[in-house]
Amino acid sequence: MIYDLHSHSNASDGSLEPDALLALAGECGVDALAITDHDTLAAFDRIDTSVSPVRLIAGIEFSTTWRKYGVHIVGLNVDPACPVLRGGAERQQQSRHLRARLIARRLRSKGLPDVLDDVLQIAGGEPIGRPHFAEHLVRAGIVKDVRAAFRKYLGAGKAGDVRNGWASLPEVVRWIVCSGGTAVLAHPARYRLTKTKLRALATDFRTAGGAAIEVVCGQQSLNTTTHLARLANELGLAASCGSDFHHDSNCWSRPGRFPSLPLDVKPVWTTWQTCSR
Ligand code: AMP
Ligand code: MN
Ligand code: MN
Ligand code: MN
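In this report, the structure presented in the accompanying data block is examined. All values derive from a computational prediction rather than experimental measurement.

### Comments concerning the side chain of Ser240
Following the sequence through the fold, Ser240 ends up in strand 7 (residues 238-242). Among residues more than four places away in sequence, those in contact with Ser240 are Leu5, Leu76, Val184, Ile213, Glu214, Val215, Val216, Leu261 and Val268.

### Quick look at the site of ligand 1
Taken together, Asp13, His38, Arg96, Arg99, Gly129, Arg130, Pro131, Val146, Phe150 and His246 make up the full set of residues adjacent to ligand 1. One of the side-chain nitrogen or oxygen atoms of His38 is found 2.9 Å away from an oxygen atom of ligand 1. Within the contact set of ligand 1, an oxygen atom lies 3.0 Å away from a side-chain nitrogen or oxygen of Arg96. Here ligand 1 has 500 Å² of accessible area as a free molecule, and 70% of this is covered by the chains. Elements supplying a minimum of two residues to the shell around ligand 1: helix 3 (83-108), helix 5 (130-139) and helix 6 (146-154).

### Details of the coordination of the manganese ion (ligand 3)
Distances from the manganese ion (ligand 3) to its protein donors, Glu61 (OE), His72 (ND1) and His187 (NE2), fall within 2.1 to 2.2 Å. Linear spacing of the donor residues for the manganese ion (ligand 3) on their chain is E-x10-H-x114-H. Distance-wise, the manganese ion (ligand 2) is placed 5.7 Å from the manganese ion (ligand 3). With His72 in strand 4 (residues 69-76) and His187 in the loop between strand 5 (182-185) and helix 8 (195-207), this pair connects stretches of sequence that are 115 residues apart. His187 sits in the buried class, given a relative accessible area of 7%.

Calculation rules
Along each chain, numbering runs from 1 in the same order as the chain's sequence is written. Note on labels: chains are lettered from A, ligands numbered from 1, in written order. In keeping with the model being predicted, local features are shown solely for residues with a pLDDT of at least 70 and side-chain atom pairs are shown and tallied solely at 80 or more, while totals for entire chains, interfaces and linings include all residues. The basis for every side-chain value is the complete set of non-hydrogen atoms in the structure, without hydrogens or water. Helix and strand assignments follow DSSP, with helices taken as H or I runs no shorter than four residues and strands as E runs no shorter than two, numbered in order from the N terminus. The contact definition used throughout considers only heavy atoms, calling two residues in contact when any of these lie within 4.5 Å. For each residue, the test is whether any non-hydrogen atom lies within 4 Å of the molecule or strand; if one does, the residue is near. Whenever two N or O atoms come within 3.5 Å, that pair is a polar contact, provided that in protein one can donate a hydrogen and the other can accept it, and provided that, for residues adjacent in sequence, both atoms are side-chain atoms. Accessibility throughout is a Shrake-Rupley quantity obtained with a 1.4 Å probe, and a residue counts as covered only by protein chains that appear here. Distances decide who is a donor: an N, O or S atom must be within 2.8 Å of the metal, or within 3.2 Å for Na, K and Ca. Water is not included, so sites may look incomplete. The cut-offs for exposure are 20% and 50% of the maximum accessible area for each residue type, with area from a 1.4 Å probe on protein chains only; residues under the lower value are buried, those over the upper are exposed, and the others partly exposed.

No statement about biological role is implied by the geometric values presented.
Here it is in structure tokens:
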């Protein structure tokens, strides 16, 4: 069984319709796919699983802050109809709106024109995020590509890197657990924390009710995988894995394309009695 437990559709910042994402996952040999859009469950309102060979796992990826760091928490096997979870997602989307205004203001202070209206238009009804700003900056010819947009304006430490306003880590874990889901610390290696800080984050996460960490997320070094597997085992956390797939534009990022979990971890799906709703 190949489980890909982290992916994005165009309900957030991915490019594919949920149905098309599921179909692509099937073509890539994935048996079970979690769609985990940023702060929204909208994919599950419009997906038709009746024709899919791939098992769909309902998920979500919440943004939060831990100390001064922006940290993402994935919820797996959630109930998309749960009012607490839906309420949480709505609150996060409101925060995204306020944050978008702040990002636009901060970009203006860097000498850029006011981009807010254009960015809101690109986002449509989706939870607005930095990828929408990046797309606009490319379209407007201000930067040459999305990478440059993040490097110059939106990435870590740049003007558009606004991390406040999110719900707290214990809160988002509570929403996930309340809906019957499993809370997973997403891509722990991406926060560039020291080993000591990462352990403190994982420990706080566990205390809040978190159950697993992503031991594998997309392409990563064997060293990283080994370190994360050890951390999971030492803290008694299960292990998750996923591609964090967003776009079908490059061939190295595909559903199901990531190194296997080490044999000595406890895969998160073995903690579930049923894997899908
Ligand atoms: P936000 O949800 O607004 O914080 O934006 C974070 C999203 O931006 C991530 O989920 C990625 O999809 C995307 N992202 C972050 N860093 C980069 C980067 N350097 N290049 C392209 N996309 C990025
Ligand atoms: Mn994203
Ligand atoms: Mn993420
Ligand atoms: Mn993601």
